[in-house]
Amino acid sequence: MKASTCATCGGTEFGVKLQSINDSKYEFAFIQCAGCGVPVGIFEEKHVGHTLEGIIGGLRQMNERIERIEKMTAAIGRMLEGRR
Ligand SMILES: [Zn+2]
């Protein structure tokens, strides 16, 4: 596959620069040509995929805690049944 080329200066190196945009509460990351600074792509600084990974990790931890609580509750139930 060919390397991406800046349409303005022909540069082939790019970088990321965080940038605020007027009237937006989110910060964005601009993918810019390293030679002339022309933006060639923009994505949210707090990328939605990264945010989702955090949420999924939190849900996994919560699920593990619920499973431990269920096992403990069942064990307590069995102990109470044994006392009758
Ligand atoms: Zn350029």
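Counting from 1, residues in each chain are numbered in the order their sequence is written. In keeping with the model being predicted, local features are shown solely for residues with a pLDDT of at least 70 and side-chain atom pairs are shown and tallied solely at 80 or more, while totals for entire chains, interfaces and linings include all residues.

What follows is about the overall build of the protein chain. The numbering of helices and of strands both runs from the N terminus, where a helix is a DSSP run of H or I of at least 4 residues and a strand a run of E of at least 2. Summing up its helical and strand segments, the protein chain has one helix and three strands in all. Ordered by position from the N terminus, the helices and strands of the protein chain form the series β-β-β-α. Against the 2.2 N^0.38 benchmark of 12 Å for 84 residues, the protein chain shows a C-alpha radius of gyration of 26 Å, more extended than a compact globule. In terms of principal-axis extent, the alpha carbons of the protein chain reach across some 85 × 40 × 10 Å. Every radius of gyration here is taken over C-alpha atoms, with the globule rule written as 2.2 Å times N^0.38, N being the number of residues.

By this definition, two strands are paired if DSSP reports at least two bridges between them. Inspection of the sheet shows strand β2 (residues 27–33) paired to strand β3 (residues 39–44) by five bridges, in the antiparallel sense. Following the sheet pairing, A29 is matched in β3 by F43. Linking two consecutive strands that pair antiparallel, namely β2 and β3, is a turn of five residues; a positive phi of about 85° is found at G37 within it.

Looking now at the domain arrangement of the protein chain. For the purposes of this description, domain bounds are those given by an automatic or database domain assignment. One can read the domain layout of the protein chain as domain 1 (1–45) and domain 2 (47–84). If you average the C-alpha positions of domain 1 and of domain 2, the two centres end up 43 Å apart.

Quick look at the sheet that holds β3 now. Read across the sheet, three strands follow the order β1-β2-β3 without closing on themselves; strand pairing throughout is antiparallel. Every other strand in the sheet has two partners, leaving β1 (14–20) and β3 as the edge strands with one partner each. For this sheet, the mean inter-axis angle between neighbouring strands, taken without regard to orientation, is 25°. Helix axes are fitted only over the stretch in contact, all axes being lines through C-alpha atoms; the angle between N-to-C directions runs from 0 to 180 degrees.

Let us look at the environment of G77. Structurally, G77 can be placed in helix α1 (residues 48–82). A count of 10 C-beta atoms within 10 Å places G77 in the exposed class. The sequence separation of G77 and S20 amounts to 57 residues, and the corresponding C-alpha distance is 56 Å. Exposure classes come from backbone-placed C-beta atoms, where a residue is buried if 20 or more other C-beta atoms lie within 10 Å of its own, exposed if 12 or fewer do, and partly exposed in between.

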